[in-house]
Amino acid sequence: MLQRIMGPAAFGFGFYFRHPAVWALSVPVALLRMWQGYQAAAWSLPFMAAELLVEGGRILQYVLVLAIGAGKTLRAMGSRDTWIEILQGAGRMTLQAFLWELLGYALVVGLMNLLFAAVLREANVEALLSSLGLDALDPLRARQALLLALKNLLLIPVSVIMLFRMLRLV
């Protein structure tokens, strides 16, 4: 039963770290999100340009995950037949397996969010900034920026890979 619940999480982390191109796409996304998290004005032109780059990077990353999972090239991902083949995987899913895997998904994602919140308490961030000689930075905004970076570097891509696995797309 534990394998059924935690299987997609083990697959998600393994897949993410086994494919350098997948996690490498998370780095610019995480850096842009961190920059956005520290900005005061959310609707400036640079902020919106960063948003477009983030979302474009995510789309590319998720298409890459599906391509690797299906054993296809990125070029083949432009084919309707490739997408039909990938989406047919969802037909192999059973409701009972999906519900158990959804429980594991909720546990893993919830625990990761709790871990990030615990590690990035404002006092910890303030101490980190001080040790780096960055006392001039606002600890609350720095905490938000670091939280966004960690989530975009690890939690979001792994959780999407887990969902793809649960839906039998990879």
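The rules behind each value
- Residues numbered from 1 in each chain as written.
- Predicted model: local features only at pLDDT ≥ 70, side-chain atom pairs only at ≥ 80, totals over all residues.
- Heavy atoms only, no water.
- Core = buried A, V, L, I, M, F, W, Y, C linked by side-chain atoms within 4.5 Å.
- Buried < 20%, exposed > 50% of the residue type's maximum accessible area, 1.4 Å probe, protein only.
- Helix = DSSP H or I, 4+ residues; strand = E, 2+ residues; numbered from the N terminus.
- Contact = heavy atoms within 4.5 Å.
- Salt bridge = Lys/Arg side-chain N within 4 Å of Asp/Glu carboxyl O.
- Polar contact = N/O pair within 3.5 Å; in protein donor to acceptor, adjacent residues only side chain to side chain.

Counting residues in each nonpolar core, the largest one holds 31 residues, and the members touching the most others are Val22, Val65, Leu66, Ile161 and Phe164. For this core, the elements supplying multiple residues, two or more each, are α1 (2-18), α3 (45-70), α5 (95-119), α6 (122-131) and α7 (139-166). Ranked by residues supplied to this core, first place goes to α7 with nine residues. Beyond its immediate sequence surroundings of up to four residues, Ile161 is in contact with Phe11, Gly12, Phe15, Tyr16, Val22, Val65 and Val170.

Scanning the entire structure with this criterion turns up five salt bridges. The salt bridge involving Glu85 is made with Lys72; its shortest N-O contact spans 3.2 Å. Here Lys72 lies in the loop between α3 and α4 (80-87) and Glu85 lies in helix α4, a separation of 13 residues in the sequence. Since its relative accessible area comes to 28%, Lys72 is described here as partly exposed. Counted as one network, the salt bridges with shared partners bring together Arg33, Glu51, Glu55 and Arg58.

Quick look at unusual backbone geometry now. If you check the backbone angles, Arg168 has positive phi at about 65 degrees while not being a glycine. Note that Arg168 resides in the segment after α7.

Before going further, it helps to spend a moment on the environment of Ser79. Mapped onto the secondary structure, Ser79 falls in the loop between α3 and α4. Judged by relative accessible area, Ser79 falls into the partly exposed class, the value being 28%. Sequence separation between Ser79 and Phe17 is 62 residues; the distance between their C-alpha atoms is 27 Å. Of note is the side chain of Ser79, whose polar atom sits 3.2 Å from the backbone nitrogen of Asp81.

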